[in-house]
Amino acid sequence: MASVNPLSNPKGVKLECELCHSPAYIQCPGCKVTYYCDVDHQRADWTSIHEKICQLLIPVRAAIPFLTSAEERAHSAEQLLQRKKHLIDLTTKEAQRLLYEGRHVDVIPAATHALSFSIDVHGLTSVELVPVYLILAEANIGLGNLTQAEEYLSHAYWTVLKTTDCSNLIRSKLHRNLGLLYSAKGEFEESLRHLSNDIYYASTVSGPSDISTAGGYFHMANVFFRQNKMDIADSLYSEVTDIWHTHLNRLVDIQMRSSMRIGPVWFDDSDQEGIDENQEAEALQILSAIYDIREQAAKKEPANIAKVLHALAMLHYLRVDFKAAHELGSKLLQLTQLLPEDDKSDSLKLFMESIERKMSARQRPFP
């Protein structure tokens with residue numbers, strides 16, 4: 001955390017806290033354009049997002065010099081707009097990543113920045129605000145602030161209703177958050193209705209077996225789990241595992257073929273598929289939760305545990321965390337001894353060999 005400097009408000013200038021809009025008395029010594037009511041809010045903002053955007057805020061918030069040429073003014077305005085859009089993208093992605101990691105307190109400052117810049121760029125009634133409303137709502141659900149979550153979801157809901165060209169992907173995310181809210185309130189039938197809509201809208205965009213649809217199945221499974229409807233929950237957890245396993249297996253296969261130069265090379269390295277940080281965080285959250293549920297079940301199913309273990313190992317492989325991938329792969333090899341011969345795969349052996357090669361390459365000293 002950066003140290004802070006005492007600040008006396010200049011006469012006639014109202015300085016507000018970045019997080020709560022109360023009167024501000026301290027400023028960030030790095031950018032000198034961000035103010036806080038106290039050290040706690042300065043620390044919270046720094047931990048969440050400010051460290052990443054501190055210097056980026058200076059050209060956005062500093063006074064604009066007087067320009068005599070209309071062309072110069074237009075160029076300056078366009079530059080400012082692009083900087084603000086970059087900040088929206090950066091803060092939104094960071095808030096989403098923190099959300100997937102379960103760091104609900106840290107989500108709020110990052111998402112608050114994203115909302116502020118989105119309103120500034122797009123206006124109060126724009127559908128562009130909806131993704132940020134949904135992040136803020138989900139973070140507040142995680143913190144148990146259901147009234148605040150409902151307020152954000154209400155803003156999102158009415159914005160979507162008034163927007164004729166709203167994408168089905170946004171509709172999917174809206175219904176997912178409404179499903180999470182009603183689940184938190186214990187209204188399970190209403191929760192399942194919204195999660196069904198989530199799955200429907202996500203399916204129209206990417207298909208029913210895409211990773212973007214898997215989250216809806218996962219949250220629906222959690223609702224059935226809370227209702228003690230274990231057969232339905234188990235079936236949905238298996239569906240989620242299958243979707244992620246298939247997706248990760250394809251990506252790992254591409255990487256292994258590329259590194260080992262096995263088979264036809266029908267792509268170049270620049271076009272290799274992957275998963276972004278938010279998808280990684282979501283996969284880790286979902287697959288870890290399913291693994292814990294499988295491990296804690298009264299009746300353990302080795303085949304189900306093996307599949308989620310394999311998916312987690314592949315995820316860590318793609319994250320270049322080969323140590324974690326090797327640990328999970330070793331557990332998986334032990335577990336496969338309990339499976340029928342038909343369920344044992346030679347590809348697992350190749351996968352483990354690839355991990356060991358990459359670990360050895362990292363340990364090898366450079367010449």
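Residues numbered from 1 in each chain as written. Predicted model: local features only at pLDDT ≥ 70, side-chain atom pairs only at ≥ 80, totals over all residues. Heavy atoms only, no water.

You'll find the protein entered in an unreviewed UniProt entry as MYND-type domain-containing protein, with Aquarana catesbeiana given as the organism.

S.K.: Which residues make up the nonpolar core, and what are the values?
M.R.: In terms of nonpolar packing, the biggest core is built from 49 residues, with Val 240, Trp 244, Leu 248, Leu 287, Tyr 317 and Phe 351 touching the most fellow members. Elements with a contribution of two residues or more to this core: α8 (188–206), α9 (211–226), α10 (230–260), α11 (277–296), α12 (302–318), α13 (322–336) and α14 (346–363). It is α12 that provides the largest number of residues to this core, a total of 11 residues. In terms of nonpolar packing, the next biggest core, distinct from the first, is built from 47 residues, Trp 46, Leu 57, Ala 111 and Ala 156 among them. (Core = buried A, V, L, I, M, F, W, Y, C linked by side-chain atoms within 4.5 Å. Buried < 20%, exposed > 50% of the residue type's maximum accessible area, 1.4 Å probe, protein only. Helix = DSSP H or I, 4+ residues; strand = E, 2+ residues; numbered from the N terminus.)

S.K.: Provide a residue-level description of the packing of helix α4 (residues 104–122) against helix α5 (residues 130–142), including the pertinent values.
M.R.: Between α4 and α5, whose axes approach to 9 Å, the crossing angle comes to 160°. Our classification of the angle between α4 and α5 gives roughly antiparallel. Of the two elements, α4 crosses α5, and the hand of that crossing is left-handed. Note on element contacts: α5 touches α4 through Val 132, Tyr 133, Ile 135, Leu 136, Glu 138, Ala 139, Asn 140 and Gly 142, opposite His 104, Val 107, Ile 108, Ala 111, Thr 112, Ala 114, Leu 115 and Ser 118. (Axes fitted to C-alpha atoms, helices over the stretch in contact; angles between N-to-C directions. Parallel < 35°, antiparallel > 145°, perpendicular 65-115°, else oblique. Left-handed = near helix turned anticlockwise from the far one by under 90°. Contact = heavy atoms within 4.5 Å.)

S.K.: Any chance you could break down unusual backbone geometry for me, citing the residues and the numbers?
M.R.: One non-glycine residue, Lys 32, adopts positive backbone phi at about 60°. Mapped onto the elements of the fold, Lys 32 is located in the loop between β2 (26–27) and β3 (35–36). The phi dihedral of Asn 228 is positive, around 65°, even though this residue is not glycine. Note on Asn 228: relative accessible area 60%, which makes it exposed.

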